[in-house]
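Structural overview
Next come the chains, spelled out residue by residue.
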Amino acid sequence: MDHSANASGLLEGSNIGSQKERVVTEEEWLQKWEVGNIGFHKEQGHPLLQKYLDVLLNGKSGLRIFFPLCGKAVEMKWLADMGHSVVGVEVSEQALKEFFSEHSLPYCEEPVPEISGGKMFQSTSGNISLYCCSIYDLSSSIVGKFDGVWDRGALVAVNPCDRQRYASLMMNLMEKNSSYLLVTVSYDPNKHKGPPFYVPESEIKSLFGCGEQEGCLRTEEKTVSLQSSKRARRWT
Ligand code: SAH
C-alpha cells in the first residue's frame, strides 16, 4: 500500500478503513432528495468544468458526454447548449424532473425495455437523455459509448465496496481517445463518514488500471483549502 504523503499532507492509502464498510442505500439517496438534503447540488455549476472544458472536449464538437450519478447538475445544460449530446443516469426521478423544470425544458418520458422499472427522460429537442435507474443497470448496449465523462460527485458518492464495479463499467462506456474528468475531495476520512468519500490517488490508479500506462492519469490540479482539496484529473 502506498503511504506517501501528498500535497495536502494526507497519507495516501492509509486510514481509509473507517469508510470502507459504509453503505448508502438507494432509498437513503431518494430520501435526501425528498427532504431537500442536497447540499451537493451547485446552482452555479462547477468552476473546474469551466476551467478544464478544453481538456474534456479536445477541440471537438458534437460529442456524446456522460454524467454518471447526475442529480440535477446544471453542467448538463451548459454542455447541451454548446451543441453536445448529454446522457445522465440518476436513481431519483424527482432530481431529473427538477432538472427539466428548473431549466424550463420540455421533455418526454419513456420506459427502457432492457431495464425493469427503468425510465428515460428526454428533452424534446433530443439532446439531453436522462436515465432513471441505478448506474449498475446500464451497459454500452443500452446507452452506447461516450467521448467524454464529467465525474463530479459520482465516484466519490459510490459506496466503497462498489468502486471496482463502477470503474469497470465506466471504462466499458468510454470510446477510444475519450476524456474523463474526475473531481475528488481530499480530507481526513476518520473525521467524516462520507459521502463524499475520500478516494486516494493510489486507489484511483488501480481502479482505472492506470498503474503502468504513461499519460493515462494526469492530476491537473490540487487546490488545498483548510479541510479539503479538490482535484481534477484526466484520462485519455
Ligand atoms: N453529480 C451530481 C450529483 C452528486 S450526488 C452533481 O454534481 O450535483 C450523487 C447522486 O447520485 C445523487 O443524486 C444520488 O441520488 C445519485 N445516486 C446514488 N447512487 C446511485 C446509483 N447507484 N445510480 C444512479 N444514481 C445514483
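Residues numbered from 1 in each chain as written. Predicted model: local features only at pLDDT ≥ 70, side-chain atom pairs only at ≥ 80, totals over all residues. Heavy atoms only, no water.

Regarding the nonpolar core
Judged by nonpolar contacts, the single largest core of 32 residues is most densely connected at Phe-66, Tyr-131 and Phe-208. Breaking this core down by element, the ones donating at least two residues are strand S2 (85-90), helix H7 (140-143), strand S6 (146-152), helix H8 (163-172), strand S7 (174-186) and helix H9 (201-207). Here the element with the most residues in this core is H8; it accounts for four residues. Setting aside chain neighbours within four positions, we find Phe-66 in contact with Val-87, Gly-88, Val-89, Ile-135, Leu-138, Phe-146, Gly-148, Val-149, Trp-150, Met-170 and Leu-173. (Core = buried A, V, L, I, M, F, W, Y, C linked by side-chain atoms within 4.5 Å. Buried < 20%, exposed > 50% of the residue type's maximum accessible area, 1.4 Å probe, protein only. Helix = DSSP H or I, 4+ residues; strand = E, 2+ residues; numbered from the N terminus. Contact = heavy atoms within 4.5 Å.)

Comments concerning the site of the ligand
The full set close to the ligand counts 15 residues, and Trp-33, Leu-69, Glu-90, Ile-135 and Arg-152 are the nearest of them. Ser-134 places a polar side-chain atom, nitrogen or oxygen, 3.3 Å from a nitrogen atom of the ligand. At 2.7 Å, a backbone N or O of Arg-152 approaches a nitrogen atom of the ligand. Alone, the ligand offers 580 Å² of accessible surface; in the complex the protein occludes 94% of this. When the residues that make up the shell around the ligand are grouped by side-chain class, the tally is 10 nonpolar, three polar and two charged. (Near = heavy atom within 4 Å. Polar contact = N/O pair within 3.5 Å; in protein donor to acceptor, adjacent residues only side chain to side chain. Areas by Shrake-Rupley, 256 points an atom, 1.4 Å probe, with all protein chains shown as cover. Nonpolar A, V, L, I, M, F, W, Y, C, P; charged D, E, K, R; others polar.)

None of this, on its own, says anything about what the molecule does.
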